[in-house]
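Reading the structure
Now for the letters of each chain:
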Amino acid sequence: HMVSDFGSARRYFSKATTLNHRFAPAWVGFGHAFAAQDESDQAMAAYRTASRLFPGSHTPWLGIGMEYLRTNHLPLAMHYIKQAHAIAPHEPAVLHELGVLHYASGEYAEAADYFTRVAEHEGDYDDAAREPSIFNLGHACRKMRRFDEAIEWYRLALAIA
């Protein structure tokens, strides 16, 4: 999956889930591989299976929410991403996706709030986790016509990348 060979990834995840049907990480990986190939129904089925097997994990709920966000079903995306947030309220990927969801809904101040929660925690999150939120914070500031602030966030994102 990490090298963009999604066909092979799907075969390996299929084998892993056949060998151990209760191995939740394989179901999450299966969902990611399907999602990367725009196979939303299969991705969500895999994420749902993972959520049943690993009920304390935010990752399957986040995956389902991201699929709904990708297909522009914003109320459903909000429902599932909020479930992930209830489980892992400080997880940078969850906070970032809440920002993306609010941005897609035209709620730029709320989006900026979530992006800022990730962007300003330099010591807590590594740069790879912070960079997308910093870049998107620049977009949110631009949409709110705070251009000087947007430029600063864009510059910081470029310095990290």
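Everything here concerns the structure above.
From a predicted model like this one, the values you see are computed outputs, not experimental measurements.

The rules behind the values
- Residues numbered from 1 in each chain as written.
- Predicted model: local features only at pLDDT ≥ 70, side-chain atom pairs only at ≥ 80, totals over all residues.
- Heavy atoms only, no water.
- Helix = DSSP H or I, 4+ residues; strand = E, 2+ residues; numbered from the N terminus.
- Rg over C-alpha atoms; globule rule 2.2 N^0.38 Å.
- Buried < 20%, exposed > 50% of the residue type's maximum accessible area, 1.4 Å probe, protein only.
- Contact = heavy atoms within 4.5 Å.
- Axes fitted to C-alpha atoms, helices over the stretch in contact; angles between N-to-C directions.
- Parallel < 35°, antiparallel > 145°, perpendicular 65-115°, else oblique.
- Left-handed = near helix turned anticlockwise from the far one by under 90°.
- Nonpolar A, V, L, I, M, F, W, Y, C, P; charged D, E, K, R; others polar.
- Expected span 1.5 Å × (residues − 1).
- Phe/Tyr/Trp six-rings, centres within 6.5 Å; stacked < 30°, edge-to-face > 60°.
- Salt bridge = Lys/Arg side-chain N within 4 Å of Asp/Glu carboxyl O.
- 1 Å grid on protein atoms, 1.4 Å probe; cavity = no way out; pocket = protein on both sides within 12 Å on 5 of 7 lines; lining within 4 Å.
- Points joined across faces, edges and corners; volume = space filled by probe spheres on them.
- Polar contact = N/O pair within 3.5 Å; in protein donor to acceptor, adjacent residues only side chain to side chain.
- Core = buried A, V, L, I, M, F, W, Y, C linked by side-chain atoms within 4.5 Å.

1. Let's talk about the overall build of the protein
Tallying secondary structure elements over the protein gives nine helices and zero strands in all. Reading the helices (α) and strands (β) of the protein from amino to carboxyl end gives α-α-α-α-α-α-α-α-α. The C-alpha radius of gyration of the protein comes to 17 Å, within 12% of the 15 Å expected for a compact globule of 161 residues. The C-alpha extent of the protein, read off along each of the three principal axes, is 55 × 30 × 25 Å. Here the protein, with 161 residues, has 43% of them falling under the buried criterion. Looking at the protein alone, contacts between residues at least 24 apart form 43% of all its contacts between residues at least 6 apart.

2. Focus: the packing of helix α7 (residues 108-119) against helix α8 (residues 127-143)
Relative to each other, α7 and α8 sit at 150°, their axes nearing to 8 Å. By the angle between their axes, α7 is roughly antiparallel relative to α8. Here α7 and α8 pass one another in a crossing that is left-handed. Listed contacts from α8 to Tyr108, Ala112, Phe115, Thr116, Val118 and Ala119 of α7 are Ala129, Arg130, Ser133, Ile134, Asn136, Leu137, Ala140 and Lys143. Across the contact of α7 with α8, the residue classes break down as nine nonpolar, three polar and two charged.

3. Here's the deal with helix α4 (residues 59-70)
Helix length check: α4 (12 residues) gives 16 Å between terminal C-alpha atoms against 16 Å at 1.5 Å per residue, within 8%. With nine of its 12 residues buried, α4 lies for the most part within the structure. Packed against the buried residues of α4 are α2 (24-36), α3 (40-53), α5 (74-87) and α6 (92-104).

4. Digging into the packing of aromatic side chains
Enumeration over the complete set of coordinates arrives at seven aromatic pairs. The interplanar angle of 40° and the centroid separation of 6.5 Å between the aromatic rings of phenylalanine 13 and phenylalanine 30 together place this pair among those described as tilted. Residue phenylalanine 13 is found in helix α1 (residues 6-19), and its partner phenylalanine 30 is found in helix α2; the two are separated by 17 residues along the sequence. Its relative accessible area of 10% is what places phenylalanine 30 among the buried residues. An angle of 55° between the planes, with centres 5.5 Å apart, marks the rings of phenylalanine 135 and tyrosine 154 as tilted.

5. Here we look at the pattern of salt bridges
All told, the structure shown has six salt bridges when counted by the stated rule. A salt bridge links arginine 146 to glutamate 149; the nearest nitrogen and oxygen atoms lie 2.9 Å apart. You can call glutamate 149 partly exposed: its relative accessible area is 33%. Overlapping salt bridges bring together Asp38, Glu67 and Arg70 as one network.

6. Topic: the layout of surface pockets
A volume near 230 Å³ is recorded for the largest pocket. His32, Ala35, Tyr47, Thr59, Leu62, Gly63, Met66, Glu67, Leu69, Arg70 and Glu97 are the residues that line the largest pocket. Breaking the lining of the largest pocket down by element, the ones donating at least two residues are α2 and α4. In terms of residues, the lining of the largest pocket owes the most to one element, α4, which gives seven residues. Classifying every residue of the lining of the largest pocket by side-chain character gives five nonpolar, three polar and three charged.

7. Topic: the side chain of arginine 130
Summarising the element assignment, arginine 130 is placed in helix α8. On the basis of relative accessibility, which here comes to 4%, the residue arginine 130 falls in the buried class. A polar atom in the side chain of arginine 130 sits 2.9 Å from the side chain of aspartate 127. When neighbours within four sequence positions are excluded, arginine 130 is seen to be in contact with Val118, Ala119, His121, Glu122, Tyr125, Leu156 and Ile160.

8. Observations regarding the nonpolar core
Counting residues in hydrophobic clusters, the biggest one holds 29 residues, and the most contacted among them are Trp27, Tyr47, Ile64, Tyr68 and Leu101. Sequence-distant contacts of leucine 101, that is, excluding residues within four places in its chain, are made with Leu69, Leu74, Ala77, Met78 and Ile81. Ranked by size, the runner-up nonpolar core spans 12 residues in total, among them Ala111, Phe115, Ala119 and Ala140.

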